[in-house]
Amino acid sequence: MAMSFNQTSEHEWKLDVCGYTCPHPQMYTKKAMQKIAAGDVLTLVFDNPSSGESIAAMCEAEGNDLFERTEEGGSFVWKIRKG
Amino acid sequence: MNAVTENVGANPGGLLRKSILQSMAVVLFVIAGSAVALSIDTRFVYLLVYVWFGLAYGILLQYGRFCMASAVRDLFAVKVPRMAVGVMIAVALYSIVAAIVTISGFSTFHPNAMGWHIVIGAAIFGFGIVFTGGCASGSLYKAGEGNMNSMLVIVAISFSQAIVVTASGWWDNLVPQHWIDSAMAKGMPEELSVTKGWFDIFTAGYVWDLKGTTTAELLGAAGTKTGVIVYNTLITAILPVIVILVALYLLYYRKSYLRRTKNANPALKDEFAGIWAMCTSSKNTAIAGIGLGILAGLHMYVTGALREHYGIFNFGELLTAMGYTGGLSIQDTVFDPGYWYITTQEAQWGGWVLHKLGIENMDSIYFGLDNGLPNPLLNAPGFMSIGIILGAAVMALARKEFKWKTPTLETAFFAIVGGTLMGIGARLAMGCNIGAFFATVTNGDPSGWVFLIGMTIGAYLGVKVFTWWMDRAAAKMEAGCGL
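Residues numbered from 1 in each chain as written. Chains lettered and ligands numbered in written order. Predicted model: local features only at pLDDT ≥ 70, side-chain atom pairs only at ≥ 80, totals over all residues. Heavy atoms only, no water.

The next point concerns helix H3 (residues 68-77) of chain B. Extensive coverage of H3(B) is indicated by the burial of 9 of its 10 residues. Taken together, the buried positions of H3(B) are occupied by Met68(B), Ala69(B), Ser70(B), Ala71(B), Val72(B), Arg73(B), Asp74(B), Leu75(B) and Ala77(B). (Buried < 20%, exposed > 50% of the residue type's maximum accessible area, 1.4 Å probe, protein only. Helix = DSSP H or I, 4+ residues; strand = E, 2+ residues; numbered from the N terminus.)

The next subject is empty space enclosed by the protein. If you walk through the whole model with that rule in mind, you get 3 cavities of 30 Å³ or more. Empty space within the largest cavity amounts to approximately 90 Å³. Of all the secondary structure elements, the ones that give two or more residues to the lining of the largest cavity are helix H2 (49-62) of chain A together with helix H4 (82-104) and helix H11 (225-260) of chain B. In terms of residue count, H11(B) provides more of the lining of the largest cavity than any other element does, 4 residues in total. Taken together, the residues that form the lining of the largest cavity break down as 8 nonpolar, 2 polar and 4 charged. (1 Å grid on protein atoms, 1.4 Å probe; cavity = no way out; pocket = protein on both sides within 12 Å on 5 of 7 lines; lining within 4 Å. Points joined across faces, edges and corners; volume = space filled by probe spheres on them. Nonpolar A, V, L, I, M, F, W, Y, C, P; charged D, E, K, R; others polar.)

To continue, consider the confidence of the model for chain B. On average, residues of chain B carry a pLDDT of 93, and 96% of them reach 70 or more. Predicted complex, confidence summary: ipTM 0.88, pTM 0.93. (pLDDT = per-residue confidence, 0-100.)

In this section: the interface of chain B and chain A. It is common to report an interface's size as the accessible area lost on association of the parts. Between chain B and chain A, the residue contacts involve 54 residues of the former and 45 residues of the latter. A buried area of about 4,100 Å², summed over both sides, lies between chain B and chain A, and 54% of it is on carbon and sulfur atoms. At the junction of chain B and chain A, the tally comes to 4 salt bridges. Between Glu60(A) and Arg260(B) there is a salt bridge; the shortest N-O distance is 4.0 Å. Remark: the boundary between chain B and chain A carries 12 residue pairs in polar contact (both at pLDDT 80 or more). Residue contributions to the side of chain B that touches chain A peak at 5 residues, all from helix H20 (residues 447-476) of chain B. (Contact = heavy atoms within 4.5 Å. Buried area = accessible area lost by both parts, 1.4 Å probe. Salt bridge = Lys/Arg side-chain N within 4 Å of Asp/Glu carboxyl O. Polar contact = N/O pair within 3.5 Å; in protein donor to acceptor, adjacent residues only side chain to side chain.)

By convention here, two paired aromatic rings are described through the distance between centres and the angle between planes. All names here are of chain B. In this structure the tally under the stated criterion is 38 aromatic pairs over all chains. Their ring planes at 45 degrees and their centres at 6.0 Å tell us that Phe109 and Tyr339 sit as a pair that is tilted. With Phe109 in the loop between H4 and helix H5 (116-132) and Tyr339 in the loop between helix H14 (315-321) and helix H15 (343-356), this pair connects stretches of sequence that are 230 residues apart. On the basis of relative accessibility, which here comes to 13%, the residue Phe109 falls in the buried class. (Phe/Tyr/Trp six-rings, centres within 6.5 Å; stacked < 30°, edge-to-face > 60°.)

Time to look at the pairing of strand S2 (residues 12-16) of chain A. All names here are of chain A. Relative to S2, strand S1 (residues 4-9) runs antiparallel, the two sharing 5 bridges. If you follow Gln7 over to S2, its bridge partner there is Trp13. Hairpin connection between S1 and S2: a loop of 2 residues separates the two successive antiparallel strands. When S2 meets strand S3 (residues 41-46), the two strands line up parallel, connected through 5 bridges. Paired with Glu12 across the strands is Val41, a residue of S3. Traced from S2 through helix H1 (residues 24-35) to S3, the parallel crossover comes out right-handed. (Pairing = 2+ DSSP bridges. Right-handed = clockwise from strand over helix to strand, strands pointing away.)

This is the structure:
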């Protein structure tokens, strides 16, 4: 499954990196966060658990707000608001 | 930062029960397998020590998402020091337990030969791990999460090593003549044909002429408590760990920490608080680092105690006593490090398959003299690797994170090419990030830090190439993805 990155509404974006292992998810997330504007929300979908730890640390370091984490059947849906 | 809303599973009760049952089924499978082995011969307890430590390593690796590849890769790729910090915690703990084990007389550790091959091999290994998404242990635990890319990595590591250590051809002529002369002068048995196959020449003509030593031996304090505690543990392990932690804090954590704590003029105690915050920022990783450090030391102790109990130096002696003589080296030994190790047993898996396919590889130093080619069902360290996969599956199932992930053409390509580079690098450096780094620096052998330097250089270059590839792929999909 290929990576996809789309704008879903005026201030909302979705990045789907399911099927990818490290370091793809964290690197694509970093690029996506650089692309969107401050205050915009990124919905991130991934299924590589290890990437989650790095992405959470990345959010903390860069001042982005990881405000919602959903997990089901080995897939993670996280919402991040760019700070 | 606001509070995080967590939602784990739409039907927590039902799914949780099912996943816990599946997790317990894996543990029961290992218990049943252990019982069968013991019913055949109680001396298989020696092999089962590897199995159960492997299971515990797998549980902790998955719990802490503890992949040493990300220790160096994520520093350069996304500037996250989480895993580098976790590894340093594990090194500090392992070194303390290793000191106790060594003073108790149960250490099974042997230092690695120090030379340029470590830097070159580690750099190739470090380059490969960026593309595979995991180190050798990381690939095992990710395989336990259902990641088939990681399974491909393990296959690539296994066969690339098995081929590297036995292949012979025109490239044999590229090695320096003095290596060949030195290899011939060793007077090895003819059946090993040490001047045929570049890896044999490299081993007998170069590596065997190098010195491997602990810092205590180097400073004339081998076998003393001062040598073990001060030179091997404090100077070789703890001091570099402190220096690296401070460097990680200054380079990767301090700026964001002071911003978050709104502290423009930090006092020294604030800096210490920052270092502590960095070490505890990922509790899972820190806990896994502590657990792995302690377990790795205990593993060495238990194996050492069992060797004393059975009066053996190597599992090959026990296999012979139990009537299993197939696949032993000409010294009647098999690979049996007695501590956490990954790549050699995977090389044996690949070598065993190739041998069964009719390829003669027992005439090599690596298999024929040193490690043997035992049946995988009798390969004790091999079962540690399987234990890691199963342990990770236990934890991933219990946390509902297990998911079969099938490779795409792109990820399969990365897994096979990266895994092959890891295999080549590991053999040149005489081990991976576990055997050539983690197990060495914690036992007073400074060659492991040389491995880490090489691995860091390789990972840095790997991230550069990987970023170029990713940008190229994103540009191709520009219309569709916009990254």
